[in-house]
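A look at the structure
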Amino acid sequence: MLDFYELQTDEHTQIAEFYENLDDDRLTTTQCTDCGEIHFPPRIVCPECTSDDLEYVNLPHEGELFAFSEVRGGLPLGLSEHDVPYVVAAVDLGPVMLSARIDDAAYDDLEIGDPVSLKIVEIDGPTDHERVFYRFEPKEESSA
Ligand SMILES: [Zn+2]
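Throughout what follows, the structure given in this document is the object of discussion. Since we're looking at a predicted model, the values are computed, not measured.

1. A short note on the overall build of the chain
The number of helices and strands found in the chain is one helix and seven strands. When the helices and strands of the chain are read in sequence order from the N terminus, they spell out α-β-β-β-β-β-β-β. A separation threshold of at least 6 residues defines the contact pool for the chain, and within that pool the share at least 24 residues apart is 49%. For the chain, the computed accessible surface area is about 8900 Å², with 43% contributed by carbon and sulfur atoms.

So, in structure tokens, the structure goes:
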């Protein structure tokens, strides 16, 4: 996960732009301007061709559940037992696949292929600085 940075400013992480965009309601990642590869998580050097000529591009805010699981224990630092159970999933956004927490959904209510949409949350951190992170939630079903 990308949220282990105590601070999301450019003094502390070289992918600060990712967090700035997220704070601006945009999910972005890096694309190599030399070979065209889209990375996730964002990179500072292209793993395909080692170019450092990367630019931030918008990612879709909606995707599909590729796989999911329920977390009941073995919690990452910062979470407590009243956070469980929760659902984590691999979300297929098209250009990239990423793992994220799925909010507002119970494991039993989900199926592979379900549409999900981006949810940007503020997270508590070890500092007073504002931090943001991404999650997904089930997409509202349009009445068919
Ligand atoms: Zn490249």
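2. Looking at the environment of Phe 68
Position of Phe 68 relative to the elements: it lies in strand S3 (residues 62–71). Note on Phe 68: relative accessible area 19%, which makes it buried. Sequence separation between Phe 68 and Leu 110 is 42 residues, and the spatial gap between their C-alpha atoms is 8.4 Å.

3. A few points about the coordination of the zinc ion
Within the first shell, the zinc ion binds the protein through Cys 32 (SG), Cys 35 (SG), Cys 46 (SG) and Cys 49 (SG), at distances of 2.3 to 2.4 Å. Considering all four donor atoms around the zinc ion, angles at the metal cover 105 to 116° and the coordination shape is tetrahedral. In primary-sequence terms, the residues that donate to the zinc ion follow C-x2-C-x10-C-x2-C. You can see Cys 35 sitting in the loop between strand S1 (28–32) and strand S2 (54–58) and its partner Cys 49 sitting in the loop between S1 and S2, a full 14 residues away along the chain. We classify Cys 49 as partly exposed; its relative accessible area is 31%.

4. Some thoughts on the nonpolar core
Counting 27 residues, the largest nonpolar core has Phe 18, Leu 27, Val 91, Leu 98, Tyr 134 and Phe 136 as the members making the most contacts within it. Counting only domains with at least three residues in this core, you end up with domain 1 (8–59) and domain 2 (60–138).

Conventions used here
Residues numbered from 1 in each chain as written. Predicted model: local features only at pLDDT ≥ 70, side-chain atom pairs only at ≥ 80, totals over all residues. Heavy atoms only, no water. Helix = DSSP H or I, 4+ residues; strand = E, 2+ residues; numbered from the N terminus. Contact = heavy atoms within 4.5 Å. Areas by Shrake-Rupley, 256 points an atom, 1.4 Å probe, with all protein chains shown as cover. Buried < 20%, exposed > 50% of the residue type's maximum accessible area, 1.4 Å probe, protein only. Donors = N, O, S within 2.8 Å, 3.2 Å for Na, K, Ca; no water. Tetrahedral: all angles 85-135°; square planar, octahedral: opposite > 155°, others 65-115°. Core = buried A, V, L, I, M, F, W, Y, C linked by side-chain atoms within 4.5 Å. Domains from an automatic or database assignment.

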